[in-house]
Amino acid sequence: MSIVQKPMAAIPPAIHLKEVSFGWSPEVLVLDQVSLEIPRGQLWMLLGRNGSGKSTLVRILGGLLPPQSGEVYVEQPLGFVFQNPDHQLVMPSVGADIAFSLNGEALNYWQVRERVSAALQAVNLQGLERRPIYALSGGQKQRVAIAGAIARHCRVLLLDEPTALLDPDSQRELLGYVRQLVDTQGMTALWVTHRLDELAQADGAIVLDRGKVIGQGAPTDMIPLLHA
Ligand SMILES: Nc1ncnc2c1ncn2[C@@H]1O[C@H](COP(=O)(O)OP(=O)(O)OP(=O)(O)O)[C@@H](O)[C@H]1O
């Protein structure tokens, strides 16, 4: 008897860019024919020197900038976490801020409370709904920003240097939470960083150089490209 194995259905990537270009002026391209794929349910890092185009790329992925040419696909809904949480958290208390991120969804009071509470649990800030934002540490503020995305049931998280303003312990802790969300909730995360030690937690990495992708794949394979 022969066993016929059905081919596994290919899982489409959560993020897919094909030949995307962008420039602030017609003469100078900040992104030049960028093509990349990020598999669903993985944590990838985006690396490159200052000015290589990382933030521009993340803004295009988030729909904040339109590409001049090329194709962009990002699984929805998506959430953003920026370098400075003070630019992102707009309400006076933790619970109000996360609830605010649910504006526009047709949820009743109890559903909002349930989403806020579950999101806080996912980033280990349970019970802090009433805590004023000003009373949080930088790392806790970043976790509230992530909780906003969790509450919206985001499938993709775009994090633009989220640890840049954190102390080393909070950096490691935040990365640990995102790693855990990817592993337990199947989210896909793209994390922009300059910190090579963070690569150890990644499933893959992409290196940008002057607006071009010069490498994408296993994190350890990308390190030599950064020193080239
Ligand atoms: N609003 C803007 N107007 C004009 N040029 C811009 C604007 N924002 C960024 N640039 C330029 O686009 C290029 C890419 O910037 P981008 O912020 O994407 O790089 P980056 O890799 O994120 O850098 P960094 O690591 O310093 O954050 C840089 O030359 C930058 O000066």
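What you see as residue numbers is a count from 1 along each chain, following the sequence as written. Side-chain atom pairs in this predicted model are given and counted only at pLDDT of 80 or more, local residue features only at pLDDT of at least 70, and totals for whole chains, interfaces and linings cover all residues. As a convention, hydrogens and water are excluded, and side-chain values are obtained from all of the structure's heavy atoms.

Engineer: How would you explain the site of the ligand if you had to name every residue and give the values?
Structural biologist: Put simply, a residue is near a molecule or strand once any heavy atom of it comes within 4 Å of that molecule or strand. Around the ligand sit W24, V30, R49, N50, G51, S52, G53, K54, S55, T56, E161 and H194, and that is every residue in its neighbourhood. Within the backbone of G51, an N or O atom sits 2.8 Å from an oxygen atom of the ligand. The term polar contact refers here to a pair of N or O atoms within 3.5 Å; inside protein, the definition further demands a hydrogen-donor-capable atom paired with an acceptor-capable atom, and it admits residues adjacent in sequence only when both atoms are side-chain atoms. Between the ligand and the protein, one listed contact pairs an oxygen atom with a side-chain N or O atom of T56 at 2.5 Å. All accessible-area figures derive from a Shrake-Rupley calculation using a 1.4 Å probe, and residue coverage is judged against the displayed protein chains alone. For the ligand, whose unbound accessible area comes to 630 Å², protein coverage reaches 56%. Under the convention adopted here, Pro, Cys and the residues Ala, Val, Leu, Ile, Met, Phe, Trp and Tyr are nonpolar, Asp, Glu, Lys and Arg are charged, and Gly plus all remaining residues are polar. Tallied by class, residues from the shell around the ligand come to two nonpolar, seven polar and three charged.

Engineer: For the domain arrangement of the chain, give the residues involved together with the corresponding values.
Structural biologist: Taken domain by domain, the chain comprises domain 1 (13–76 + 155–228) and domain 2 (86–153). The split into domains, and so the bounds of each, comes from an automatic or database assignment of domains. Between domain 1 and domain 2, the C-alpha centre-to-centre distance is 25 Å. We call two residues in contact when some of their heavy atoms are within 4.5 Å. Taken together, the contact between domain 1 and domain 2 spans 13 residues of the former and eleven residues of the latter. Here domain 1 meets domain 2 over a buried area of about 930 Å², counting both sides, of which 70% is carbon and sulfur. Once two parts are put together, the accessible area they lose, assessed with a 1.4 Å probe and summed over both, is termed the buried area. Contact with domain 2 buries area across many residues of domain 1, yet L174, Y177 and L181 alone supply 45% of it, more than any other trio. The rule for a salt bridge is simple: a side-chain nitrogen of Lys or Arg has to be within 4 Å of a carboxyl oxygen of Asp or Glu. Between the two partners, domain 1 and domain 2, sit one salt bridge. Among the salt bridges present, the one from E173 reaches R143, with a minimum N-O distance of 3.2 Å. Along the contact surface separating domain 1 from domain 2 lie three residue pairs in polar contact (both at pLDDT 80 or more).

Engineer: Provide a residue-level description of the packing of helix 3 (residues 109–122) against helix 4 (residues 138–151), including the pertinent values.
Structural biologist: In this analysis, axes come from line fits to C-alpha atoms, helices being fitted only over the stretch in contact, and the angle between any two N-to-C directions falls in the range 0 to 180 degrees. Under the DSSP-based scheme used, a helix requires at least four consecutive residues in state H or I and a strand at least two consecutive residues in state E, with every element numbered from the N terminus. Running from amino to carboxyl end, helix 3 crosses helix 4 at an angle of 130°, the nearest separation of the two axes being 8 Å. Looking at the two axes, helix 3 sits oblique to helix 4. In this structure, helix 3 meets helix 4 at a crossing whose hand is right-handed. Residue-level inspection shows R115, A119, L120 and A122 of helix 3 in contact with helix 4, the latter providing A147, I150 and A151. Class assignment for the residues of the contact of helix 3 with helix 4 results in six nonpolar, no polar and one charged. An angle counts as roughly parallel when it lies under 35 degrees, as roughly antiparallel when it exceeds 145, as roughly perpendicular when it falls between 65 and 115, and as oblique in every other case. Each helix crossing is assigned a hand: it is left-handed if the near helix lies turned anticlockwise from the far helix by less than a right angle, otherwise right-handed if that turn is clockwise.

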